[in-house]
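Notes for the structure review
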Amino acid sequence: MSEMQLPSRIQPVQHPVFSAFGVEVFMKRDDEIHPVISGNKWRKLIYNFEALNEQGKTGVLTFGGAFSNHLAATAYAAHVHGVPMVAVVRGDEDVTNPTLDFIAKTGAEIKRISRASYAQKNDAEFIANLEKLYPNFLIIPEGGANLAGVRGCIDIMKEVDGDFDLIACPMGSATTFSGLVLGGRQPSFLGFPAVKGGAYLSGHVHNFMHAAKRSKRLASSFTPPAWQLCTDYHFGGFGKVKPELIQFMNVFWEETGIPLDPVYTGKMMFGLVDLIKKGEIKTGQNVLAIHTGGLQGIKGMNERLRKKNLEIAYEEAVAAAFTFPRL
Ligand SMILES: *Cc1c(COP(=O)(O)O)cnc(C)c1O
């Protein structure tokens, strides 16, 4: 996987709210790692593919929705590694879209299953059946949510050598956040779930920490730093947005030149700015926010938003950097 931007840069963010309240904010630009295997998807796949080679697996199978960044990233990585890939897609309706077209072009087999079957994707029996159908394939959970994924995200903190009071990160499956916390070396961590009712994700963080403790590769005597979740900034649920979020993202782009995605990083930065305004993040603090990527989703989101006379203003500006390569 060539053309990697690693380590990703850490960029100071100039924003009127940050300067008015005397809080210094930096962003770690993991969105710039790779045009397809962007952000935390690259982090979560790197050791999964290492495991694939070590275990002599002859293919890879993973799960996702019809617009999944994780499926696109995994399909591309499988293509580059020259191994067959099966993309298990949620929903058996015969839809297509640029993400699924790209996955098909990588040579991956697209296997659409009903939403009811998809709901069983982590059950032992369901997995055993897939193992029979695809012997010797590495099966990666949805979103790369396994210990190998966590391990890749621990590496993010190895690239951070400054002193920060707070590390902020968006959350889907909590894999990235768990890796950051396990990477430690900074006093406190704040996770922003992109889903409604995201408090359950703290259970995922605990599970990953226990699993990491038991793992030979990750075990350490280290005491985890303080961490907590801020569940207020979901904007109605996963993949849902509100006009104030889109307006915030457009102004943030004008002020800082940093493009945010509507599903994850936009919600996190909205939350961070709001917490600073409310004085919950105090003057004099140094904050590092992780830009986990997701920019390729802007085009599809804009198709939905334009029907409501809304638009993410920088679709064109990011399009050049975040196009799927021709295969
Ligand atoms: C997938 C994704 C996440 C979610 O990461 P988890 O490790 O599942 O919590 C966050 N941000 C972006 C941009 C993503 O694409």
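Below: a short report on this structure. (Residues numbered from 1 in each chain as written. Predicted model: local features only at pLDDT ≥ 70, side-chain atom pairs only at ≥ 80, totals over all residues. Heavy atoms only, no water.)

Regarding the site of the ligand
Applied cut-off: A single heavy atom is enough: if one lies within 4 Å of a molecule or strand, its residue is considered near that molecule or strand. Any pair of nitrogen or oxygen atoms within 3.5 Å is treated as a polar contact; in protein, a donor-acceptor pairing is required on top of that, and neighbouring residues in sequence qualify only through side-chain atoms on both sides. Surface exposure here means Shrake-Rupley accessible area, sampled with a 1.4 Å probe, where a residue is shielded only by the protein chains that are shown. What counts as a helix is a DSSP run of H or I of at least four residues, what counts as a strand is a run of E of at least two, and both are numbered from the N terminus. Residues are grouped as follows: Ala, Val, Leu, Ile, Met, Phe, Trp, Tyr, Cys and Pro are nonpolar; Asp, Glu, Lys and Arg are charged; every other residue, Gly included, is polar.
The local shell around the ligand holds 14 residues, among which Lys-41, Gly-172, Ser-173, Thr-176 and Thr-292 are the closest. At 2.8 Å from an oxygen atom of the ligand is found a side-chain nitrogen or oxygen belonging to Lys-41. Burial of the ligand by the surrounding chains reaches 96%, relative to a free accessible area of 390 Å². Broken down by element, the residue count for the shell around the ligand peaks at three residues, all from helix H2 (residues 40–54). Its residues assigned to classes, the shell around the ligand comprises three nonpolar, nine polar and two charged.

Examining helix H4 (residues 98–105)
For clarity, the threshold we go by: For the exposure calls, accessible area comes from a 1.4 Å probe over protein chains only, and a residue counts as buried if that area is under 20% of its type's maximum, exposed if over 50%, partly exposed in between. Directions drawn from the helix axis to the C-beta atoms are what define this arc.
Taken as a whole, H4 has its buried residues at Thr-99, Leu-100, Phe-102 and Ile-103. Viewed along the axis of H4, the buried residues span an arc of 160°, placing them on a single side of the element. Exposed residues on H4 whose side chains face more than 90 degrees from its buried face are Pro-98 and Lys-105. Just downstream of H4, Gly-107 is the residue with a positive phi angle, here 100°.

Things to note about the sheet that holds strand S5 (residues 109–113)
Put simply, the test is: Pairs of strands are assigned from DSSP output, requiring at least two bridges between the strands. Interaxial angles span 0 to 180 degrees and are taken between N-to-C directions of axes, which are lines fitted to C-alpha atoms, for helices over the stretch in contact. Residue contacts follow a heavy-atom distance rule, with two residues in contact if any of their heavy atoms lie within 4.5 Å.
What the four strands build is an open sheet, ordered S5-S4-S3-S6; its pairing is parallel. If you trace the sheet from one side to the other, it starts and ends with S5 and strand S6 (137–140), each paired once. Strand after strand, the sheet turns through a mean of 20° between neighbouring axes, direction not considered. Contacting strand S4 (85–90) and S5, H4 runs over the sheet at an angle of about 135° to S5. Contacting strand S3 (59–64), S5 and S6, helix H6 (residues 124–133) crosses the sheet at an angle of about 140° to S3.

Quick word on the sheet that holds strand S8 (residues 188–193)
Ordered in space as S1-S2-S10-S7-S8-S9, the six strands form an open sheet in which the pairing is mixed. At either margin of the open sheet sits one strand with a lone partner, and together these are strand S1 (10–12) and strand S9 (226–229). Along the sheet, successive strands turn relative to each other by an average axial angle of 25°, direction set aside. Taken together, the three bridges between S1 and strand S2 (residues 24–29) define a ladder with antiparallel strand orientation. Bridge pairing in S2 links Ile-10 to Lys-28.

Side note on the pattern of salt bridges
Quick reminder of the rule: Only one rule defines a salt bridge in this text: a Lys or Arg side-chain nitrogen within 4 Å of an Asp or Glu carboxyl oxygen.
This model, assessed by the stated rule, comprises 15 salt bridges. Of the charged contacts, one joins Arg-217 and Glu-54 as a salt bridge, the two residues approaching to 3.3 Å between their closest N and O atoms. Of the two residues, Arg-217 sits in the loop between helix H9 (201–214) and S9 while Glu-54 sits in helix H2, which places them 163 residues apart along the sequence. Side by side, Arg-217 and Glu-54 carry an identical accessibility label, which is exposed. Linked by salt bridges that have partners in common, Arg-9, Arg-29, Asp-31 and Glu-32 make up one network.

Side note on the nonpolar core
Going by this rule: To qualify as a nonpolar core, a set must consist of buried Ala, Val, Leu, Ile, Met, Phe, Trp, Tyr and Cys residues joined through side-chain atoms within 4.5 Å.
One finds Val-25, Phe-192, Leu-260, Met-269 and Leu-272 to be the most contacted residues of the largest nonpolar core, which totals 40 residues. At the level of secondary structure, the elements contributing two or more residues to this core comprise helix H1 (16–21), S2, strand S7 (166–171), S8, helix H10 (243–256), helix H11 (265–277), strand S10 (286–291) and helix H12 (298–305). Per-element accounting of this core gives the leading share, seven residues, to H11. Other than its neighbours up to four places away in sequence, Val-25 contacts Gln-11, Pro-12, Val-13, Phe-18, Met-269, Leu-272, Ile-276 and Val-287. Core analysis: the second largest hydrophobic core is formed by 27 residues, Ile-154, Met-171, Leu-182 and Val-205 among them.

Structural notes on helix H7 (residues 147–158)
The condition that has to hold: Every helix has an expected span of 1.5 Å times one less than the residues it contains.
In this model H7 runs 17 Å from its N-terminal to its C-terminal C-alpha over 12 residues, within 8% of the 16 Å that 1.5 Å per residue would give. Burial within H7 is extensive, with 10 of its 12 residues counted as buried. Taken together, the buried positions of H7 are Ala-148, Gly-149, Val-150, Arg-151, Gly-152, Cys-153, Ile-154, Asp-155, Ile-156 and Met-157.

Focus on unusual backbone geometry
Peptide bonds are mostly trans, and most non-glycine residues show a negative phi. In this model, Leu-6 is joined to Pro-7 through a cis peptide bond whose omega is -5°. Residue position: Pro-7 is located in the segment before S1. The phi angle at Arg-185 is positive, at roughly 65°, despite the residue not being glycine. In this fold, Arg-185 is placed in the loop between helix H8 (175–183) and S8.

As for the packing of H2 against H7
Axis angle and axis distance: for two packed helices, these are the angle between their axes and the distance between the axes, and together they describe the pair. Using the following cut-off: Working definition: roughly parallel below 35 degrees, roughly antiparallel above 145 degrees, roughly perpendicular at 65 to 115 degrees, and oblique for all remaining angles. Should the near helix be turned anticlockwise from the far one by less than a right angle, the crossing is termed left-handed; should it be turned clockwise, right-handed.
Close contact between H2 and H7 brings their axes to 7 Å; oriented N to C, the two are set at 125°. The angle between H2 and H7 places the two elements in the oblique class. As H2 packs across H7, the resulting crossing turns out to be right-handed. Contact residues: Arg-43, Lys-44, Ile-46, Tyr-47, Asn-48 and Glu-50 in H2; Ala-148, Gly-149, Arg-151, Gly-152, Cys-153, Asp-155 and Ile-156 in H7.

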